[in-house]
Amino acid sequence: MRIAILGASGRVGRLLVDQALERGHEVVALVRTPGRVTVPASRQVDIRQADVFSPRTFPDLDDVDVAVSAIGIGKDDGPGALVAGARLLAAAPIRTVWLGALGSGPSERAGGLIYQAVMRMAVGAELTEKAQADQVALAAGATVFHAPDLKDGPLSPGRRLVRLPDLRRPLLPPRISRATVAALMLDEAEAGNHGGEIVVPLS
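Residues numbered from 1 in each chain as written. Predicted model: local features only at pLDDT ≥ 70, side-chain atom pairs only at ≥ 80, totals over all residues. Heavy atoms only, no water.

Caption draft 1: Just the sheet that holds strand β4 (residues 66–69), in detail. Pairing is mixed across the open sheet formed by 8 strands, whose spatial order is β3-β2-β1-β4-β5-β6-β10-β8. Each having just a single partner strand, β3 (46–49) and β8 (160–163) make up the two edges of the open sheet. Between one strand and the next, the sheet's axes are offset by a mean angle of 25 degrees, whatever the strand orientation. Relative to β4, strand β1 (residues 2–6) runs parallel, the two being bridged by 4 bridges. The partner of Ile5 across the bridge, within β4, is Val68. Most of the contacts of helix α2 (residues 81–91) go to strand β5 (residues 95–101), to which it runs at about 165 degrees, and overall it touches β1, β4 and β5. (Pairing = 2+ DSSP bridges. Helix = DSSP H or I, 4+ residues; strand = E, 2+ residues; numbered from the N terminus. Axes fitted to C-alpha atoms, helices over the stretch in contact; angles between N-to-C directions. Contact = heavy atoms within 4.5 Å.)

Shown next, in the form of structure tokens:
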């Protein structure tokens, strides 16, 4: 497949690029600063400058099979980056897998009371924007991942997806490795089983 990865220079985005290449896919890396994408010389990646705040210059994705978004809110980003990115992908004629956060919007209480309190303290006002971006993506038929707290670590052999309505509320705050989330997002990009749904990645 030919997979576009929005936010390819981020911590999850870099893992998506590496894992997609390992699976034999072609990768189109969509990044605001192309120089931040580093890949071994033996691997080829189509790097395209993509600023979600500049729709007129956003790359055409007609040559891509599916888009996977790992875009986040960076230190230099003002409000609106997530919603702008979601709108651009929603307007493209392409299936999308979108990375959101457990504890925002419909999953506000799904991570348990402790997790909910931690999210309010750590993420705060960004929760509203995350929920808005998710709704834009869902309305366009995207699969939206509500990932728990992300950590460094290996790929989990027991990775799985659970539809949000089927998630059992945990007692302790859930966590998952970025590598596992990246793998599950690529699984969904390949299979396309959950379009228009919120799913929770678990390990």
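Anyway, onward from the coordinates.
Caption draft 2: Inspection of the pattern of salt bridges at higher detail. Scanning all chains against the criterion turns up 14 salt bridges. Note that Arg2 and Glu26 form a salt bridge whose closest N and O atoms lie 2.8 Å from each other. With Arg2 in strand β1 and Glu26 in strand β2 (residues 26–31), this residue pair connects regions lying 24 residues apart in the sequence. Here Arg2 falls in the buried class, since its relative accessible area comes to 19%. When the shortest N-O distance is used, the salt bridge between Arg163 and Asp166 registers 3.1 Å. (Salt bridge = Lys/Arg side-chain N within 4 Å of Asp/Glu carboxyl O. Buried < 20%, exposed > 50% of the residue type's maximum accessible area, 1.4 Å probe, protein only.)

Caption draft 3: Quick look at the pairing of strand β6 (residues 143–147). Most of β6 sits inside the fold, with 5 of its 5 residues counted as buried. Residues Thr143, Phe145 and Ala147 of β6 are buried on one face, and the alternating residues Val144 and His146, pointing to the opposite face, are buried as well. With 5 bridges connecting them, β5 and β6 associate as parallel partners. Bridging from a neighbouring strand, Val97 pairs with Thr143 of β6. In the sheet, β6 pairs with strand β10 (residues 198–202) via 2 bridges, with the strands oriented parallel. Bridge pairing links Val144 to Ile198 in β10.

Caption draft 4: Region of interest: the pairing of β4. Residues of β4 alternate between two faces, with Val66 and Val68 on one and Ala67 and Ser69 on the opposite face, all of them buried. Note that β4 and β5 share 4 bridges and pair parallel. Looking at the pairing, Ser69 lines up with Trp98 of β5.

Caption draft 5: Structural detail: the layout of surface pockets. If you add up the space inside the second largest pocket, you get close to 150 Å³. As for the second largest pocket, its lining consists of 13 residues, and the residues nearest its centre are Arg160, Leu167, Pro170, Pro174 and Leu202. Contributions of two or more residues to the lining of the second largest pocket are made by β9 (175–177) and β10. A class-by-class count of the residues in the lining of the second largest pocket yields 9 nonpolar, 1 polar and 3 charged. (1 Å grid on protein atoms, 1.4 Å probe; cavity = no way out; pocket = protein on both sides within 12 Å on 5 of 7 lines; lining within 4 Å. Points joined across faces, edges and corners; volume = space filled by probe spheres on them. Nonpolar A, V, L, I, M, F, W, Y, C, P; charged D, E, K, R; others polar.)

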